[in-house]
Structures are given as C-alpha cells and as structure tokens.
Amino acid sequence: MVGSFLNVVVYRLPLMLERQWWRDVAAQAADAESHHHVFGSAPGAPLRQAARELDAALAALADFSLARPASRCPSCGHAIRWYENIPLLSWLVLRGRCSACAAPIPVRYPLVEVGTAALFGAVAWRVGAQPTALLWCAAAAALLALALIDWDTTLLPDSMTLPLLWAGLCAAALGWLAPLSLAQSLAGAVVGYLSLWSVYWFFKLATGKEGMGYGDFKLLAALGAWLGWQAILPIVLMASVIGAVVGLAMKAAGALREGRYVPFGPFLAGGGLAVLLIGLPRVLEWMGW
C-alpha cells in the first residue's frame with residue numbers, strides 16, 4: 001500500500017512543483033508590469049500579453065495534488081475504480097492493461113509496490129521487531145521516492161529532502177536512533193552537506209561546469225543525520241560503485257548517450273540503504289576502519 005502511494009508521489013510531485021514554478025513566473029511578470037507602471041515606463045506588449053496568457057492558463061487548470069484528482073488512465077481518462085487500484089493484485093488481474101482501453105499499465109508500478117514491501121521486510125529484519133522499525137521504514141520509503149523522482153526528472157525536491165533531514169535530527173535528539181547521538185547526527189548532516197558542496201565547487205572552479213545539483217548536498221546531509229558522520233564516506237563510495245556499474249550497463253545497452261546526464265541521487269539513496277541494511281560497523285570493518 002505504501003508502494004502504491006509512492007507511485008503517486010513520484011508521478012505527481014514533480015508536476016506540482018512545475019505548476020508552482022509557473023505561478024512564480026506569472027507573479028514575477030505581474031510585479032514587473034506593476035513596477036514599470038509605477039515608474040512611468042511601459043513593460044511592452046509582449047510581456048503584458050505573456051503574463052495574461054500565463055495567468056489564464058494557470059486559472060484554467062484543475063486542482064492537482066497528491067490527493068486530487070482521483071487516479072485515471074492517462075490514455076483514455078477512465079476513472080480507476082477501487083478494485084482496480086489494489087496494490088499488485090489489480091495489475092495482475094488486469095494483466096497490466098487498462099480495463100477500458102486496454103492501454104498498457106507500466107510494469108514499474110507493481111515493481112515499486114513489491115520493492116517497497118521487500119525493502120520494509122529487509123529493514124524490519126535488520127532493525128528488529130521494535131517501534132523504531134516503523135521510523136526506519138518511513139525513511140526508506142522517502143529514499144525510494146527520492147531516487148525515482150531524481151531518476152525521472154533530475155530533481156530532488158526540498159519538500160522531501162529537508163523533512164528527511166530534520167526527521168533524522170529529531171529522532172536522534174529523542175534517542176530513537178541509539179546508539180547514534182544528537183551530536184553524531186548533527187555532525188553527519190554537516191559533513192554530508194559540506195563534502196559534496198566542496199566537490200561541487202572544486203569541479204566548477206576547475207571546469208566551469210556544474211557537476212551536481214544542490215539537492216545531492218541535502219540528500220547526503222539527510223543520510224548523515226540518520227546514520228552519522230562515519231557513514232558519509234562509505235555511502236559515497238557505495239554510491240560511486242553502484243553508479244559506475246549502472247553507467248557501464250547503460251553504456252553497453254546503448255541507453256547512455258554522449259552528454260546525457262545521469263543523476264547521482266538514486267545512487268546516494270542506494271548507498272545509504274546499503275549501509276543501513278549491511279550495518280555501519282560491518283561496512284567500516286570492510287574498509288579497515
């Protein structure tokens with residue numbers, strides 16, 4: 001069920017962000033027109049016309065959030081009935097096709113549902129039958145959603161990375177991440193952010209290009225808050241290895257074209273989950289620490 005909800009988040013949240021960006025553009029255009037009007041200079045017909053058209057287009061859009069509208073087939077608009085929306089089972093019964101138009105339903109939907117279930121089982125096995133297992137499952141779900149969003153859009157929304165960061169710090173402060181202390185959690189957040197921030201600026205100064213986005217800094221800071229500062233290097237190393245393997249596989253399959261950008265966020269999330277499930281002490285032992 002959580003995996004089914006994550007599918008909604010992964011699809012809708014980037015679209016919600018895009019709409020908000022366009023609202024910001026419309027507001028800035030209106031402010032520019034008002035500014036020119038006050039100071040006695042005309043903004044020009046193209047700007048006025050563009051602002052009006054953008055306002056009209058935004059006003060015509062239906063409400064769109066994680067809860068509304070109800071799920072529909074993107075091909076024919078068929079409203080998904082409750083019994084067509086049962087995680088995994090409905091996809092199997094429908095044989096992966098819309099009941100109205102027979103358009104294929106992406107196989108990623110049931111894979112995310114099964115993957116979330118497997119991830120929760122692995123976290124519960126690693127943490128044990130205790131209330132904090134639910135906390136770690138929530139963090140794992142957020143990491144999975146962030147990985148998929150970044151893979152699809154190269155975005156890591158602040159509305160997910162920052163709450164994940166603060167949740168880790170609060171959980172450490174309340175003693176829910178024992179033996180991780182608040183000081184270790186805070187150090188993990190600082191080291192996680194500054195490490196990639198430093199790499200970003202070194203690369204930019206050396207090449208004049210941006211090698212990664214600020215969302216990667218915040219994601220690694222969140223992972224540091226949950227796992228501590230000692231986990232930062234293992235997470236980055238595992239993320240690099242996973243990224244290299246995936247990149248080589250994509251190159252061999254012809255899916256990685258010259259100049260194509262591959263986001264680092266999914267591999268950071270994968271590295272964090274790997275450290276969590278393997279256990280930081282064992283990973284550090286492998287590294288000879």
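Check the entry above for the structure.
This text gives an overview of the structure that appears in the document. (Residues numbered from 1 in each chain as written. Predicted model: local features only at pLDDT ≥ 70, side-chain atom pairs only at ≥ 80, totals over all residues. Heavy atoms only, no water.)

## Points about the side chain of Thr116
With respect to the element layout, Thr116 can be found in helix H4 (residues 108-127). Residue Thr116 is classed as buried on the basis of its relative accessible area of 2%. Ignoring anything within four residues of it in the chain, the contact list for Thr116 reads Val2, Gly3, Leu6 and Leu144. (Helix = DSSP H or I, 4+ residues; strand = E, 2+ residues; numbered from the N terminus. Buried < 20%, exposed > 50% of the residue type's maximum accessible area, 1.4 Å probe, protein only. Contact = heavy atoms within 4.5 Å.)

## What about the side chain of Thr132?
Checked against the element boundaries, Thr132 lands in helix H5 (residues 132-153). Setting aside residues no more than four positions away along its own chain, Thr132 makes contact with Val127 and Trp176.

## Brief notes about a nonpolar patch on the surface
Among the surface-exposed residues, Leu186, Val190, Leu194, Trp197, Trp201, Leu205 and Tyr214 lie close enough to one another that they form a single nonpolar patch of about 680 Å² accessible area. For the nonpolar patch, the leading source of residues is helix H7 (residues 182-207), giving six residues. (Patch = residues over 30% accessible without salt bridge, like charges linked within 9 Å, V, L, I, M, F, W, Y side chains within 5 Å. Areas by Shrake-Rupley, 256 points an atom, 1.4 Å probe, with all protein chains shown as cover. Salt bridge = Lys/Arg side-chain N within 4 Å of Asp/Glu carboxyl O.)

## Considerations on the nonpolar core
Within soluble globular proteins, side chains that are nonpolar generally end up buried alongside one another. If you look at the biggest cluster of nonpolar residues, it comprises 59 residues, and the most contacted ones within it are Trp136, Leu164, Leu227, Ile235 and Leu268. Filtering out sequence-adjacent residues up to four positions away, Leu164 remains in contact with Ala139, Ala142, Leu143, Leu146, Ala222 and Trp226. (Core = buried A, V, L, I, M, F, W, Y, C linked by side-chain atoms within 4.5 Å.)

## Describing unusual backbone geometry
A cis amide bond, omega -10°, links Arg68 with the succeeding residue Pro69. With respect to the helices and strands, Pro69 occurs in the loop between helix H2 (45-60) and helix H3 (89-93). The backbone of Arg95 sits at a positive phi, close to 60°, despite the residue not being glycine. Mapped onto the elements of the fold, Arg95 is located in the loop between H3 and H4. The residue Ala102 is not glycine, and still its phi comes out positive at about 65°.

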